[in-house]
Amino acid sequence: MATKNQNLSSYDPESVPFAGGLKIAITVARWNSNITYALLDGAISALKEHGVESQDIDVFYVPGTFELVHSSASLVRMEKYDAVIAIGCVIQGETPHFTFISDAVANGLASLNMNSSVPVIFGVLTTDNMEQAEERAGGKHGNKGVEAGITAIQMAKLFG
Ligand code: DLZ
């Protein structure tokens, strides 16, 4: 989440290694697609900005954020990508679904990170309402997709 002092699209370009040659998978939830597709655009722009070639970015769509665990796990197992970015948006509703889905995706992606050498990036917004999500999908708090793209490069290059 953006904080008062941290815009999601702001980063120190000096901290980002040249990313040419990296192969990146992005898996995106269609649920709340007005938000997730904006995050996808942000992630792709950030990757390209630092040298990732278009043909080295593969995008896989899933129905909702809950499905990101399965798609990310499958992508990790392919041993074809240097990083996997999972993009979703869960918005608080009137039922406990928000908690179940948020917990499942956070725990599932954390588990993948512990059990494989391919970094899986948490590009998931969890917000109280649509307005908060819009503010973080290119609005006043930046774009969480940009943060995810930059994080993917930094993690893929972590050990050289
Ligand atoms: C069912 C559901 C609900 C209520 N809310 C969201 C949401 O805010 N964001 C999201 O990405 N997906 C939501 N889903 C769908 C679930 O992620 C999942 O696709 C279904 O429960 C089927 O497994």
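Fair warning: this is a prediction, and the values are worked out from it, not measured in the lab. (Residues numbered from 1 in each chain as written. Predicted model: local features only at pLDDT ≥ 70, side-chain atom pairs only at ≥ 80, totals over all residues. Heavy atoms only, no water.)

1. Examining the site of the ligand
Next up, step 1: The environment of the ligand is formed by W31, N32, G64, T65, F66, E67, C89, V90, I91, H97 and I101.
Next up, step 2: F66 is positioned with one of its backbone polar atoms (N or O) 3.1 Å from an oxygen atom of the ligand.
Next up, step 3: Across the complex, the protein chains shield 73% of the 490 Å² of accessible surface that the ligand would expose by itself.
Next up, step 4: Elements represented by at least two residues in the shell around the ligand include exactly β3 (83–91) and α3 (97–115).
Next up, step 5: It is β3 that contributes the most residues to the shell around the ligand, three residues altogether. (Near = heavy atom within 4 Å. Polar contact = N/O pair within 3.5 Å; in protein donor to acceptor, adjacent residues only side chain to side chain. Areas by Shrake-Rupley, 256 points an atom, 1.4 Å probe, with all protein chains shown as cover. Helix = DSSP H or I, 4+ residues; strand = E, 2+ residues; numbered from the N terminus.)

2. Brief notes about the UniProt feature "binding site: 5-amino-6-(D-ribitylamino)uracil" (unreviewed entry) in the chain
Next up, step 1: In the numbering used here, UniProt assigns the feature "binding site: 5-amino-6-(D-ribitylamino)uracil" (unreviewed entry) to W31, T65, F66, E67, C89, V90, I91 and F122.
Next up, step 2: With respect to the secondary-structure elements, T65 resides in the loop between β2 (57–62) and α2 (68–77).
Next up, step 3: On the basis of relative accessibility, which here comes to 4%, the residue T65 falls in the buried class.
Next up, step 4: Among the structural elements, E67 can be located in the loop between β2 and α2. (UniProt positions renumbered as here; feature names shortened; annotations may be inferred. Buried < 20%, exposed > 50% of the residue type's maximum accessible area, 1.4 Å probe, protein only.)

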